[in-house]
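# Examining the three-dimensional arrangement
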Amino acid sequence: MDGGGGGGGCCPTMDLMRSEPMHLVQLIIPIESAHRTVSYLGDLGLLQFKDLNADKSPFQRTYANQIKKCGEMARKLRFIKEQMSKADLLPSTKPVTPTIELDYLEIKLEEIEAELIEVNANNERLQRSYSELKEYMLVLQKAGESFYSAQSSAAAQQREIEAQYTNDGSIDSPLLLEQEMMTEPSKQVKLGFVSGLVPKEKSMAFERILFRATRGNMFLKQIPVEEPVTDPVSGEKVEKNVFIVFYSGERAKAKTLKICEAFGANRYPFMEDIGKQMHMIDEVTRKLSELKTTIDMGLLHRNSLLRKISEQFEEWDLLVRMEKSIYHTLNMLSIDVTRKCLVAEGWSPIYAANQIQDALRRATIDSNSQVGSIFQILHTKEMPPTYFRINKFTSAFQEIVDAYGVARYQEANPGVYTIVTFPFLFAIMFGDWGHGLCLLLATLYYIIKEKKLSSQKLGDITEMTFGGRYVIMMMALFSIYTGLIYNEFFSVTFNLFGPSAYACRDASCGDASTAGLIKVRDAYPFGLDPIWHGSRSELPFLNSLKMKMSILIGVAQMNLGIVLSYFNAKFFRNGLNVWYQFIPQLIFLNSLFGYLSVLIIVKWCTGSKADLYHVMIYMFLSPTDELGENQLFVGQRELQLVLLLLALVSVPWMLLPKPFLERKQHQERLQGQAYTALRSDDIDSIEMDANHDSHGHEEFEFSEVFVHQLIHTIEFVLGAVSNTASYLGCGLSVLLIQSYRACSSKRFCSLLGGSTMSLFSSLGSSCSSLPLWVCFWLWKL
């Protein structure tokens, strides 16, 4: 249970450094006031209920039927929302408070669902009739234009086949009049025809199958339709052809009808007489007009109904979700043997006891209950959940920390330090005070309009941005600060704090070179001297500055984490963690990377040209060799030997003593418990622990403790190296970004050549060790 805001003026001052002290409480609630009590406690948001019915299935719980009813109502609301989406209507975004009863809403939703289903069914039926009439009109128009020419062609083909059959009587001739001509060769059989529409994509296969099935005993005429037609069955737009199939004989007719059905071809009647055709066109036109009017009236009625629903939809949806949550909570409560009370247990902050009791009293009064609820505190050794009181400023930072992991109960809260470290590390990447000003102005709009925007329903991206408005504001402020240090305003330099400290020695000094520059005044008072921008030494200089600065920031932040572990150990009175975790970790980190940070500062102060990479590498490979030109101060080699020895000793110091000492403490604790007389209050506490303590009597497994300590030690040693490399990668990323920006200058592109792009393409390997948000902003830039 973390997050959530505390309410009421009776609350103590918010403690950001640690989670709130918690206690386990028990509530005995009368049945008649249970619903209202849970509702009021839910509005308060300061009690986390325990599930006392974990051994029961959802169907065996007390309020299973009510949850089923709420689920059915939620299904109806989803159906209504789908209908509103189809009608391009959005629910009202005004803040709502449920004012109707659940039973009334259940009846109302059932009526609305039945009405919408009926309206949709009628509209679907009318749309299908309208689509069929539209297709029929196309058949009448298109087939009427070419019917007689097609009929003449079919008749000529029939006469040709009759003549061929009469002359040779070959068994290879087409069976055009197989039965009719064999019985009465002199009798002429009248041609029949079928008309309709077939999908254009199936027209070629349709023609081939007809020809093969009838052995050529047909004549097919297809006329393409210019625009897609709404299919009556699927309701989708489909490109179709109007077709007329002429056949001879009943067998050919039967085959033709089956093929039309198989290909989804819609058949429509067609009259040979022109007068009947014109009369049918007029009749279809009149029916189309009537259907169009009826469909429009039906859609108008449905949209009017949905528009009225949209004004109350959010209220109904909120009520159903609230009721479902209340009944889910009630199902976590156990029912008393008298079946007149519900027993609840849950965790709450200690400061919230008075607020919870006030909510219980209000629920008793509002529900007209004869008996009030009972509130009592239980003593237990269970680990309480973590609860941080937050406000609108700290909530987003706390969510960032919780996304990686929630701190254990009463541990130091990393969210406090994230308020500074997170936006500052972002600003190191985004150091441009022009971009920072744009970001700040956009964020100030959200902050000024926060009361108005918080009451509206925003889109997903806008809502996420609005929720993190204070995080973005801090990012913008730090970006302005680092941008002034980098002296960059949309990648352009300014002499904001006075002129450059350097000037050309003579007229031959070029803009793109630092050779021939002399110092003519005091150092630039703040930030980067503008003379560096555009010079040939810009990238080597920035490489040295920013990558080393990244190491300093990284080592400082890792030391902060180790110091926090000391305060945690002191708070929990855990001396083992102080002596066998905090001290060796501090020694290991600072013997290596703290020493590197000191060398960086000494090199900056003295102006030495020592190679720090060489110093650190040979500190491990050849610690006794002379340093030569890489020596920065007297006694450096001896100091490195001591630091290296301390780093090597600190690893077994972290690994070995703690598991053995924990085993010894556990054995002493067991021996002390075995021979201590029990008092009456101890018996009560043991009985209480039997019900509420799942961790008090666990067996001590030395192997598990040792393996856990081994993993922790390896993780710290490797993490110290990899985290330092990550910060170094962060500095490299800044350099690549600025190199990319600098390439807008043709002069710089000619100097950098392809090296910058090759470095930029290798950034993917660095991103594997960088935080996700860093990679995101890097690739966005």
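Quick caveat: nothing in here was measured; it's all calculated off a predicted structure.

Here we come to the overall build of the protein chain. When you go through the protein chain residue by residue, the secondary structure sums to 25 helices and 13 strands. Pairs at least 24 apart in sequence give 79% of the contacts found in the protein chain among residues at least 6 apart. On the protein chain, roughly 43,700 Å² of surface is accessible, and the fraction owed to carbon and sulfur atoms is 58%.

What follows is about helix α17 (residues 612-621). All of the buried residues along α17 are Leu612, Val615, Met616 and Met619. For α17, the arc enclosing every buried residue in end-on projection is 90 degrees, short of the 170-degree limit, so these residues lie on one face. What points out from α17, more than 90 degrees from its buried face, is the exposed set Tyr613 and Leu621. Buried residues along α17 sit in contact with α16 (575-606) and α18 (636-655). Two or three places before Tyr613, at the opening of α17, Asp611 has a side-chain oxygen 3.2 Å from that residue's backbone nitrogen.

Here we take up the packing of aromatic side chains. Scanning all chains against the criterion turns up 26 aromatic pairs. Summarising the aromatic geometry, the rings of Trp433 and Phe489 are spaced 4.4 Å apart at their centres and angled 50 degrees between planes, so their arrangement reads as tilted. Of this pair, Trp433 sits in helix α11 (residues 433-448) while Phe489 sits in the loop between α14 (469-486) and β12 (502-504), placing them 56 residues apart in sequence. Residue class for Trp433 comes out buried when judged on its relative accessible area of 16%. You can call Phe489 partly exposed: its relative accessible area is 22%.

For the rest of this paragraph, the subject is the UniProt feature "transmembrane region" (unreviewed entry) in the protein chain. As recorded in UniProt, the sites labelled "transmembrane region" (unreviewed entry) are residues 424-448, 469-486, 549-567, 579-602, 639-656, 716-737 and 757-779. End C-alpha atoms of residues 469-486 are separated by 25 Å, and the span's content is 100% helix alongside 0% strand. Structurally, residues 639-656 comprises 94% helix and 0% strand, and the distance from its first C-alpha atom to its last is 26 Å.

Another point: a negative patch on the surface. Where like charges cluster on the molecular surface, the negative patch consists of Glu110, Glu111, Glu115 and Glu118. Summarising the element assignment, Glu110 is placed in helix α3 (residues 102-168).

Another point: the sheet that holds strand β3 (residues 192-199). The strand order across the open sheet built from four strands is β4-β7-β3-β8, with neighbouring strands paired in antiparallel fashion. Both edges of this open sheet fall to β4 (218-224) and β8 (266-268), since each of them pairs with a single strand only. Taken over all neighbouring pairs, the strand axes of this sheet differ in orientation by 25 degrees on average, direction set aside. Two elements, β3 and β8, share three bridges in a ladder whose sense is antiparallel.

Turning to the packing of α11 against α14, a few remarks are in order. Axis angle and axis distance: for two packed helices, these are the angle between their axes and the distance between the axes, and together they describe the pair. Following both chains from N to C, one finds α11 and α14 inclined at 155 degrees, their axes separated by 8 Å at the closest point. The angle between α11 and α14 places the two elements in the roughly antiparallel class. Between α11 and α14 lies a crossing of left-handed hand. Seen from α11, the contacting residues are Trp433, Gly436, Leu437, Leu439, Leu440, Thr443, Tyr446 and Ile447; seen from α14, they are Arg469, Tyr470, Ile472, Met473, Ala476, Leu477, Ser479, Ile480, Gly483 and Leu484. Class assignment for the residues of the contact of α11 with α14 results in 13 nonpolar, four polar and one charged.

Let us now look at helix α2 (residues 64-86). End to end, α2 covers 33 Å across 23 residues, agreeing with the expected 33 Å (1.5 Å per residue, within 8%). Of the residues making up α2, those classed as buried are Ala64, Ile67, Cys70, Met73, Ala74, Lys76, Leu77, Phe79, Ile80, Gln83 and Met84. A positive backbone phi angle near 60 degrees is found at Asp88, which sits one or two residues after α2.

We now examine the nonpolar core. Among the nonpolar cores identified, the biggest contains 53 residues, and Leu27, Leu41, Ile80 and Leu330 are the most heavily contacted of them. Put simply, the parts of the chain that give this core at least two residues each are β1 (22-30), α1 (31-44), α2, α3, α7 (274-330), β10 (341-349), α8 (353-366) and β11 (374-378). Ranked by residues supplied to this core, first place goes to α7 with 10 residues. The contacts of Ile80, once residues within four sequence positions are left out, are Leu109, Ile112, Leu116, Leu306, Ile309 and Phe313. In this structure, Leu596, Ile600, Val615 and Leu643 belong to the second largest nonpolar core, which totals 27 residues.

Take the pattern of salt bridges next. This model, assessed by the stated rule, comprises 20 salt bridges. Across the pair Arg128 and Glu132 runs a salt bridge, and its minimum N-O distance is 3.7 Å. You can see Arg128 and its partner Glu132 sitting in helix α3, four residues apart, about one turn around the helix. The class of Arg128 is partly exposed, set by a relative accessible area of 41%. For Glu411, the salt bridge goes to Arg408, with nearest N and O atoms at 3.2 Å. Residue Arg408 is classed as exposed on the basis of its relative accessible area of 57%.

This brings us to the side chain of Ser367. Summarising the element assignment, Ser367 is placed in the loop between α8 and β11. The class of Ser367 is buried, set by a relative accessible area of 17%. Of the polar contacts made by the side chain of Ser367, one reaches the backbone oxygen of Ala363; its length is 2.6 Å. Those residues in contact with Ser367 that lie beyond four places of it in its chain are Glu32, Ser33 and Arg36.

Rules used throughout
- Residues numbered from 1 in each chain as written.
- Predicted model: local features only at pLDDT ≥ 70, side-chain atom pairs only at ≥ 80, totals over all residues.
- Heavy atoms only, no water.
- Helix = DSSP H or I, 4+ residues; strand = E, 2+ residues; numbered from the N terminus.
- Contact = heavy atoms within 4.5 Å.
- Areas by Shrake-Rupley, 256 points an atom, 1.4 Å probe, with all protein chains shown as cover.
- Buried < 20%, exposed > 50% of the residue type's maximum accessible area, 1.4 Å probe, protein only.
- Arc of directions from axis to C-beta.
- Polar contact = N/O pair within 3.5 Å; in protein donor to acceptor, adjacent residues only side chain to side chain.
- Phe/Tyr/Trp six-rings, centres within 6.5 Å; stacked < 30°, edge-to-face > 60°.
- UniProt positions renumbered as here; feature names shortened; annotations may be inferred.
- Patch = residues over 30% accessible without salt bridge, like charges linked within 9 Å, V, L, I, M, F, W, Y side chains within 5 Å.
- Salt bridge = Lys/Arg side-chain N within 4 Å of Asp/Glu carboxyl O.
- Lys, Arg positive; Asp, Glu negative; His and termini not counted.
- Charge placed at Lys NZ, Arg CZ, Asp CG, Glu CD.
- Pairing = 2+ DSSP bridges.
- Axes fitted to C-alpha atoms, helices over the stretch in contact; angles between N-to-C directions.
- Parallel < 35°, antiparallel > 145°, perpendicular 65-115°, else oblique.
- Left-handed = near helix turned anticlockwise from the far one by under 90°.
- Nonpolar A, V, L, I, M, F, W, Y, C, P; charged D, E, K, R; others polar.
- Expected span 1.5 Å × (residues − 1).
- Core = buried A, V, L, I, M, F, W, Y, C linked by side-chain atoms within 4.5 Å.

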